[in-house]
Amino acid sequence: MVASTGERRPGRPPYAAQRQQILLQTLRSAGRVDVTDMADRLSVSTETIRKDLSELERQGLLHRVHGGAVAVEDLSFEPAVAARTEYTEEKRRIARAALAEVPGEGAVLIDAGSTTACLAELMPGDRDLSVFTSALTIAMTLATRPRLTVHTLGGRVRSRTFAEVDNWAVRALSEIRVDVAFLGTNGFTVEDGLRTPDESEATVKRLMLGAARRRVLLADHSKAGHISLYKYGDLSEIDLLITDTGLSDADVRRFEDVGVEVKRA
(Lines give C-alpha, C1' and ligand atoms only; values in the text may rest on other atoms or scores of the structure.)
Protein backbone atom coordinates (compact mmCIF):
# COMPACT_ATOMS: atom_id res chain seq x y z
CA MET A 1 0.00 0.00 0.00
CA VAL A 2 1.33 3.44 -0.92
CA ALA A 3 1.66 5.84 2.01
CA SER A 4 -0.59 8.89 2.13
CA THR A 5 2.23 11.38 2.56
CA GLY A 6 4.97 12.42 0.19
CA GLU A 7 7.01 14.35 2.79
CA ARG A 8 10.69 13.55 3.30
CA ARG A 9 12.71 13.56 6.47
CA PRO A 10 15.45 16.20 6.18
CA GLY A 11 18.94 14.82 5.65
CA ARG A 12 18.00 11.24 4.82
CA PRO A 13 16.47 9.43 1.82
CA PRO A 14 12.74 8.70 2.09
CA TYR A 15 11.39 5.27 2.87
CA ALA A 16 10.02 3.13 0.02
CA ALA A 17 6.38 4.10 0.64
CA GLN A 18 7.33 7.78 0.72
CA ARG A 19 9.35 7.45 -2.48
CA GLN A 20 6.46 5.79 -4.24
CA GLN A 21 4.06 8.51 -3.13
CA ILE A 22 6.44 11.16 -4.47
CA LEU A 23 6.73 9.25 -7.74
CA LEU A 24 2.94 9.15 -8.11
CA GLN A 25 2.59 12.83 -7.25
CA THR A 26 5.21 13.70 -9.87
CA LEU A 27 3.47 11.48 -12.40
CA ARG A 28 0.12 13.18 -11.82
CA SER A 29 1.57 16.67 -12.18
CA ALA A 30 4.04 16.09 -15.03
CA GLY A 31 2.47 13.18 -16.91
CA ARG A 32 5.62 11.04 -16.67
CA VAL A 33 8.62 10.41 -14.40
CA ASP A 34 12.26 10.01 -15.37
CA VAL A 35 14.36 7.44 -13.49
CA THR A 36 17.58 9.48 -13.43
CA ASP A 37 15.87 12.72 -12.40
CA MET A 38 13.98 11.04 -9.58
CA ALA A 39 17.08 9.22 -8.33
CA ASP A 40 18.90 12.57 -8.07
CA ARG A 41 15.93 14.24 -6.43
CA LEU A 42 15.45 11.52 -3.82
CA SER A 43 19.16 10.78 -3.24
CA VAL A 44 18.85 7.09 -4.11
CA SER A 45 20.17 4.87 -6.89
CA THR A 46 18.48 4.52 -10.25
CA GLU A 47 18.01 0.82 -9.47
CA THR A 48 15.98 1.76 -6.38
CA ILE A 49 13.72 3.98 -8.47
CA ARG A 50 13.28 1.20 -11.05
CA LYS A 51 12.21 -1.20 -8.29
CA ASP A 52 9.71 1.38 -7.00
CA LEU A 53 8.28 1.85 -10.48
CA SER A 54 8.02 -1.91 -10.96
CA GLU A 55 6.07 -2.19 -7.72
CA LEU A 56 3.73 0.65 -8.72
CA GLU A 57 3.21 -0.96 -12.12
CA ARG A 58 2.35 -4.25 -10.39
CA GLN A 59 -0.35 -2.34 -8.49
CA GLY A 60 -1.69 -0.97 -11.79
CA LEU A 61 -0.83 2.63 -10.90
CA LEU A 62 1.49 3.41 -13.83
CA HIS A 63 3.10 1.93 -16.93
CA ARG A 64 6.85 1.46 -17.24
CA VAL A 65 8.54 2.86 -20.35
CA HIS A 66 12.19 3.22 -21.32
CA GLY A 67 13.84 5.56 -18.81
CA GLY A 68 10.81 6.06 -16.60
CA ALA A 69 7.03 5.67 -16.46
CA VAL A 70 3.79 7.22 -17.73
CA ALA A 71 0.28 7.36 -16.35
CA VAL A 72 -1.92 4.38 -17.20
CA GLU A 73 -4.73 6.60 -18.50
CA ASP A 74 -2.37 8.20 -21.02
CA LEU A 75 -2.01 4.89 -22.85
CA SER A 76 -5.61 4.74 -24.03
CA PHE A 77 -6.34 8.47 -24.37
CA GLU A 78 -7.19 9.40 -27.95
CA PRO A 79 -8.38 12.89 -28.90
CA ALA A 80 -10.77 13.20 -31.83
CA VAL A 81 -9.07 14.26 -35.07
CA ALA A 82 -11.11 17.47 -35.16
CA ALA A 83 -9.81 18.37 -31.68
CA ARG A 84 -6.13 17.91 -32.52
CA THR A 85 -5.23 21.59 -32.75
CA GLU A 86 -1.79 21.51 -31.11
CA TYR A 87 1.31 22.04 -33.27
CA THR A 88 -0.81 23.10 -36.25
CA GLU A 89 1.96 25.06 -37.94
CA GLU A 90 4.44 22.24 -37.38
CA LYS A 91 2.03 19.77 -38.96
CA ARG A 92 1.65 22.01 -42.01
CA ARG A 93 5.43 22.25 -42.39
CA ILE A 94 5.70 18.47 -42.11
CA ALA A 95 3.01 18.03 -44.76
CA ARG A 96 4.74 20.45 -47.13
CA ALA A 97 8.01 18.56 -46.71
CA ALA A 98 6.20 15.29 -47.39
CA LEU A 99 5.15 16.52 -50.86
CA ALA A 100 8.69 15.74 -52.04
CA GLU A 101 7.91 12.05 -51.37
CA VAL A 102 4.77 11.97 -53.53
CA PRO A 103 5.62 10.14 -56.79
CA GLY A 104 4.80 11.54 -60.22
CA GLU A 105 2.64 8.51 -60.92
CA GLY A 106 1.74 5.22 -59.33
CA ALA A 107 -0.04 4.54 -56.03
CA VAL A 108 0.15 5.95 -52.52
CA LEU A 109 -1.51 5.12 -49.21
CA ILE A 110 -2.51 7.82 -46.73
CA ASP A 111 -3.22 6.88 -43.13
CA ALA A 112 -5.81 8.58 -40.93
CA GLY A 113 -4.58 11.43 -38.73
CA SER A 114 -4.33 15.19 -38.40
CA THR A 115 -0.89 15.52 -40.03
CA THR A 116 -1.76 13.19 -42.91
CA ALA A 117 -4.94 15.25 -43.35
CA CYS A 118 -2.71 18.31 -43.87
CA LEU A 119 -0.87 16.36 -46.56
CA ALA A 120 -4.17 15.55 -48.28
CA GLU A 121 -5.06 19.25 -48.35
CA LEU A 122 -1.76 19.99 -50.12
CA MET A 123 -1.74 16.94 -52.39
CA PRO A 124 -1.10 18.02 -56.00
CA GLY A 125 -3.85 17.33 -58.47
CA ASP A 126 -1.65 17.51 -61.58
CA ARG A 127 -0.46 13.90 -61.62
CA ASP A 128 -2.00 10.52 -62.26
CA LEU A 129 -2.07 8.76 -58.91
CA SER A 130 -4.14 6.08 -57.26
CA VAL A 131 -4.64 7.12 -53.66
CA PHE A 132 -5.78 4.62 -51.04
CA THR A 133 -6.84 5.88 -47.63
CA SER A 134 -8.45 4.57 -44.47
CA ALA A 135 -9.91 8.00 -43.61
CA LEU A 136 -13.24 9.19 -45.02
CA THR A 137 -12.31 12.83 -44.45
CA ILE A 138 -9.11 12.45 -46.47
CA ALA A 139 -11.00 10.70 -49.27
CA MET A 140 -13.48 13.58 -49.43
CA THR A 141 -10.65 16.12 -49.57
CA LEU A 142 -9.04 14.34 -52.53
CA ALA A 143 -12.15 13.26 -54.45
CA THR A 144 -12.56 16.61 -56.25
CA ARG A 145 -9.18 16.34 -58.01
CA PRO A 146 -9.95 14.68 -61.34
CA ARG A 147 -6.53 13.15 -62.04
CA LEU A 148 -6.48 11.36 -58.71
CA THR A 149 -8.22 8.00 -58.42
CA VAL A 150 -9.32 7.76 -54.80
CA HIS A 151 -10.07 4.48 -53.03
CA THR A 152 -11.22 3.94 -49.46
CA LEU A 153 -10.41 0.68 -47.72
CA GLY A 154 -13.94 0.02 -46.50
CA GLY A 155 -15.03 -1.28 -43.12
CA ARG A 156 -16.38 0.09 -39.85
CA VAL A 157 -15.83 3.83 -39.43
CA ARG A 158 -14.45 4.96 -36.06
CA SER A 159 -16.14 8.17 -34.91
CA ARG A 160 -13.04 9.60 -33.23
CA THR A 161 -10.75 9.36 -36.26
CA PHE A 162 -13.11 8.68 -39.20
CA ALA A 163 -10.82 5.75 -39.99
CA GLU A 164 -12.11 2.55 -41.57
CA VAL A 165 -11.11 -0.58 -39.67
CA ASP A 166 -11.91 -4.28 -39.19
CA ASN A 167 -12.34 -7.05 -41.77
CA TRP A 168 -13.06 -5.12 -44.97
CA ALA A 169 -10.11 -2.79 -44.43
CA VAL A 170 -7.88 -5.75 -43.57
CA ARG A 171 -8.94 -7.58 -46.73
CA ALA A 172 -8.30 -4.53 -48.94
CA LEU A 173 -4.80 -4.03 -47.54
CA SER A 174 -3.95 -7.67 -48.13
CA GLU A 175 -4.62 -7.16 -51.85
CA ILE A 176 -2.78 -3.91 -52.63
CA ARG A 177 0.83 -2.84 -52.98
CA VAL A 178 1.65 0.88 -53.18
CA ASP A 179 4.77 2.90 -53.91
CA VAL A 180 4.64 5.06 -50.77
CA ALA A 181 2.64 4.93 -47.54
CA PHE A 182 2.26 8.14 -45.54
CA LEU A 183 1.64 7.05 -41.97
CA GLY A 184 0.55 8.72 -38.76
CA THR A 185 1.07 7.68 -35.15
CA ASN A 186 0.05 8.59 -31.62
CA GLY A 187 3.54 7.98 -30.31
CA PHE A 188 6.82 6.23 -30.98
CA THR A 189 10.11 5.28 -29.35
CA VAL A 190 13.06 3.16 -30.40
CA GLU A 191 12.31 0.65 -27.64
CA ASP A 192 8.51 0.50 -27.78
CA GLY A 193 8.00 1.09 -31.50
CA LEU A 194 5.05 2.76 -33.23
CA ARG A 195 1.95 3.06 -31.03
CA THR A 196 -1.77 3.82 -31.15
CA PRO A 197 -4.49 3.62 -28.46
CA ASP A 198 -6.97 1.56 -30.50
CA GLU A 199 -6.49 -2.13 -31.26
CA SER A 200 -8.44 -2.11 -34.53
CA GLU A 201 -6.44 0.83 -35.88
CA ALA A 202 -3.23 -0.89 -34.82
CA THR A 203 -4.20 -3.87 -37.00
CA VAL A 204 -4.82 -1.64 -40.02
CA LYS A 205 -1.64 0.38 -39.51
CA ARG A 206 0.41 -2.81 -39.20
CA LEU A 207 -0.90 -3.97 -42.57
CA MET A 208 -0.17 -0.56 -44.09
CA LEU A 209 3.49 -1.03 -43.24
CA GLY A 210 3.52 -4.26 -45.22
CA ALA A 211 1.57 -2.85 -48.18
CA ALA A 212 4.12 -0.19 -49.16
CA ARG A 213 7.47 -0.23 -50.89
CA ARG A 214 8.50 2.96 -49.04
CA ARG A 215 7.14 4.02 -45.65
CA VAL A 216 7.11 7.66 -44.52
CA LEU A 217 6.09 8.59 -40.98
CA LEU A 218 4.63 12.07 -40.47
CA ALA A 219 4.85 12.99 -36.78
CA ASP A 220 5.50 16.20 -34.88
CA HIS A 221 8.10 16.17 -32.11
CA SER A 222 5.52 15.69 -29.33
CA LYS A 223 4.93 12.12 -30.54
CA ALA A 224 8.56 11.14 -29.86
CA GLY A 225 8.78 9.33 -26.53
CA HIS A 226 4.99 9.12 -26.14
CA ILE A 227 3.56 5.66 -25.44
CA SER A 228 0.09 4.45 -26.43
CA LEU A 229 -1.53 1.13 -25.65
CA TYR A 230 -0.97 -0.91 -28.83
CA LYS A 231 2.18 -1.43 -30.88
CA TYR A 232 1.75 -1.75 -34.64
CA GLY A 233 5.35 -1.80 -35.81
CA ASP A 234 8.99 -1.15 -35.07
CA LEU A 235 10.55 2.22 -35.74
CA SER A 236 13.17 0.47 -37.87
CA GLU A 237 10.39 -0.41 -40.35
CA ILE A 238 10.10 3.28 -41.26
CA ASP A 239 12.25 4.54 -44.14
CA LEU A 240 11.80 8.26 -43.48
CA LEU A 241 10.56 10.23 -40.48
CA ILE A 242 9.41 13.76 -41.32
CA THR A 243 9.07 15.81 -38.17
CA ASP A 244 9.62 19.40 -37.03
CA THR A 245 12.57 21.31 -35.60
CA GLY A 246 11.37 20.65 -32.05
CA LEU A 247 12.87 17.15 -32.19
CA SER A 248 16.19 17.14 -30.33
CA ASP A 249 19.53 16.29 -31.91
CA ALA A 250 19.88 13.41 -29.44
CA ASP A 251 16.58 11.89 -30.59
CA VAL A 252 17.58 12.31 -34.23
CA ARG A 253 20.79 10.36 -33.59
CA ARG A 254 18.90 7.60 -31.76
CA PHE A 255 16.42 7.21 -34.62
CA GLU A 256 19.15 7.27 -37.25
CA ASP A 257 21.02 4.56 -35.32
CA VAL A 258 18.17 2.13 -36.08
CA GLY A 259 18.21 2.98 -39.79
CA VAL A 260 15.56 5.70 -40.00
CA GLU A 261 16.28 8.76 -42.14
CA VAL A 262 15.09 11.90 -40.30
CA LYS A 263 14.03 15.16 -41.95
CA ARG A 264 13.13 18.14 -39.76
CA ALA A 265 10.83 20.68 -41.43
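Worth saying up front: this structure is predicted, and the values here are computed from it rather than measured. (Residues numbered from 1 in each chain as written. Predicted model: local features only at pLDDT ≥ 70, side-chain atom pairs only at ≥ 80, totals over all residues. Heavy atoms only, no water.)

As for the overall build of the chain
Part 1: Broken down by element type, the chain carries 10 helices and 15 strands.
Part 2: Taking all 265 residues of the chain together, the buried fraction comes to 48%.
Part 3: Counted over contacts in the chain with a minimum sequence separation of 6, partners at least 24 positions apart contribute 60%.
Part 4: As presented, the chain carries roughly 12,400 Å² of accessible surface, and 48% of it is formed by carbon and sulfur atoms. (Helix = DSSP H or I, 4+ residues; strand = E, 2+ residues; numbered from the N terminus. Buried < 20%, exposed > 50% of the residue type's maximum accessible area, 1.4 Å probe, protein only. Contact = heavy atoms within 4.5 Å. Areas by Shrake-Rupley, 256 points an atom, 1.4 Å probe, with all protein chains shown as cover.)

Regarding the sheet that holds strand S9 (residues 178-183)
Part 1: Strands sit in the order S6-S5-S4-S9-S12-S14-S15 across an open sheet of seven strands; the sheet is parallel. The outermost strands of the open sheet, each flanked by one partner alone, are strand S6 (148-152) and strand S15 (261-264). In this sheet, adjacent strand axes meet at a mean angle of 20° when their direction is disregarded.
Part 2: Sheet topology note: the strand S14 (residues 240-243)/S15 ladder contains four bridges and is parallel. Note on S15: the bridge partner recorded for Thr-243 is Arg-264. (Pairing = 2+ DSSP bridges. Axes fitted to C-alpha atoms, helices over the stretch in contact; angles between N-to-C directions.)

A word on the packing of aromatic side chains
Part 1: As enumerated under the stated definition, the model contains one aromatic pair in all.
Part 2: Above the ring of Tyr-232, the side-chain terminus of Lys-205 is found at 5.6 Å from the ring centroid. (Phe/Tyr/Trp six-rings, centres within 6.5 Å; stacked < 30°, edge-to-face > 60°. Lys NZ or Arg CZ within 6 Å of the ring centre and 35° of its normal.)

Thoughts on the pairing of strand S12 (residues 212-218)
Remember that side chains alternate between the two faces of the sheet whenever the strand is regular.
Part 1: Taken across its seven residues, S12 has five buried, putting it largely inside the fold.
Part 2: Pairing analysis gives five bridges linking S9 to S12, with the strands arranged parallel. Looking across to S12, one finds that Phe-182 is bridged to Val-216.
Part 3: Across three bridges, the pairing between S12 and S14 is parallel. Within the sheet, the bridge partner assigned to Leu-217 lies in S14 and is Leu-241.

Looking at unusual backbone geometry
Part 1: We note that Phe-162 has phi near 60°; this positive angle belongs to a residue other than glycine.
Part 2: Mapped onto the elements of the fold, Phe-162 is located in the loop between strand S7 (156-157) and strand S8 (164-165).
Part 3: The exposure class assigned to Phe-162 is partly exposed, which follows from its relative accessible area of 35%.
Part 4: The residue Asp-166 is not glycine, and still its phi comes out positive at about 75°.
Part 5: With a relative accessible area of 31%, Asp-166 lands in the partly exposed category.

Observations regarding the sheet that holds strand S1 (residues 32-34)
Part 1: Overall, antiparallel pairing links the three strands, which are arranged S1-S3-S2 in an open sheet. The sheet is open, and its two edges are formed by S1 and strand S2 (63-65), each paired on a single side. Sheet twist, expressed as the mean angle between neighbouring strand axes with direction ignored, is 25°.
Part 2: Bridge count for S1 against strand S3 (residues 68-70) is three bridges, and the pairing is antiparallel. Paired with Asp-34 across the bridge in S3 is Gly-68.

Some remarks on the side chain of Thr-196
Part 1: Considering the arrangement of structural elements, one finds Thr-196 in strand S11 (residues 193-196).
Part 2: Contacts of Thr-196, omitting those with residues within four sequence positions, involve Asn-186, Glu-201, Ala-202, Lys-205, Ser-228, Leu-229, Tyr-230 and Tyr-232.

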